Amino acid sequence: MLAKTWKSLGTMYAITFLIMSIVLVALVVRAIIAVQKNNFAPPDLLQGINTSLEEKNAQAAVELIQADDSLVGTLVSAGLGKIQKGKEAVTEAMQVAGDSETMRLEQMLSYIALIGNIAPMVGLLGTVQGMVASFGTIATSAQTPKPNELANGIEQALYTTLVGLYLAIPAIAIYNILRNRVHRLIMTAGSESEEIIEKFQSLGK
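From a predicted model like this one, the values you see are computed outputs, not experimental measurements.

This part is about the overall build of the protein chain. A count of helical and extended segments in the protein chain gives seven helices and zero strands. Helices and strands in the protein chain line up, N terminus first, as α-α-α-α-α-α-α. Taking all 205 residues of the protein chain together, 37% fall into the buried category. The long-range share in the protein chain, meaning contacts at least 24 apart out of those at least 6 apart in sequence, stands at 77%. Carbon and sulfur atoms make up 61% of the accessible area of the protein chain, which amounts to about 12400 Å² in all.

What follows is the structure in structure tokens.
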């Protein structure tokens, strides 16, 4: 089956789709690792911070936050840096940090969407090229060409479209699933970070 597909696509399109497939798998694996909950709002971190703050030990909570590189750690660190300047400054600092992290994650996911958008276009290019080859055979033939003389061009046209869609459909589906998960986790991390900042502000009163 694979050998027939390779032959039907032609070497150029087969190699192009193979490279796109490998890149897509690598991007998806990287994205799945990046959108784990522990990278946004680790339960252990939240529990440690809340326990320290309940014990009125703000320094221990700060040390936990500074030692953590999750989104909650990043947001709370940004907010604590402006806590002396008032609530608006804290909110703005956390918003900037959150926007930066959101942009970074969406940029990473956008490469998956890019493959999902490009794959059908490559397939369409192969379709057009295959049809041009078939009509070229008809145009240059002194008599009606035999079906097998047209088959190669038509087969390439159909296979490139098929393989392009095989790549595009899962790529777009995975992109949307991961994007929704990122937004949900960012909202959760933002909510948790705001609660932690409020607890720090309560301790300072």
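Read on for the rest.
Now for the packing of helix α3 (residues 43–54) against helix α4 (residues 58–66). The geometry of α3 relative to α4 is characterised by a closest axis approach of 7 Å and an angle of 160 degrees between their N-to-C directions. Classified by the angle their axes make, α3 and α4 are roughly antiparallel. Relative to α4, α3 is oriented so that their crossing is left-handed. Taking contact as the criterion, the partners of L45, G48, I49, S52 and L53 in α3 are, on α4, A58, A60, A61, L64 and I65. Of the residues contributing to the contact of α3 with α4, the split by class is eight nonpolar, two polar and no charged.

The rules behind each value
- Residues numbered from 1 in each chain as written.
- Predicted model: local features only at pLDDT ≥ 70, side-chain atom pairs only at ≥ 80, totals over all residues.
- Heavy atoms only, no water.
- Helix = DSSP H or I, 4+ residues; strand = E, 2+ residues; numbered from the N terminus.
- Buried < 20%, exposed > 50% of the residue type's maximum accessible area, 1.4 Å probe, protein only.
- Contact = heavy atoms within 4.5 Å.
- Areas by Shrake-Rupley, 256 points an atom, 1.4 Å probe, with all protein chains shown as cover.
- Axes fitted to C-alpha atoms, helices over the stretch in contact; angles between N-to-C directions.
- Parallel < 35°, antiparallel > 145°, perpendicular 65-115°, else oblique.
- Left-handed = near helix turned anticlockwise from the far one by under 90°.
- Nonpolar A, V, L, I, M, F, W, Y, C, P; charged D, E, K, R; others polar.

Note that all results are geometric; they support no functional claim without further evidence.
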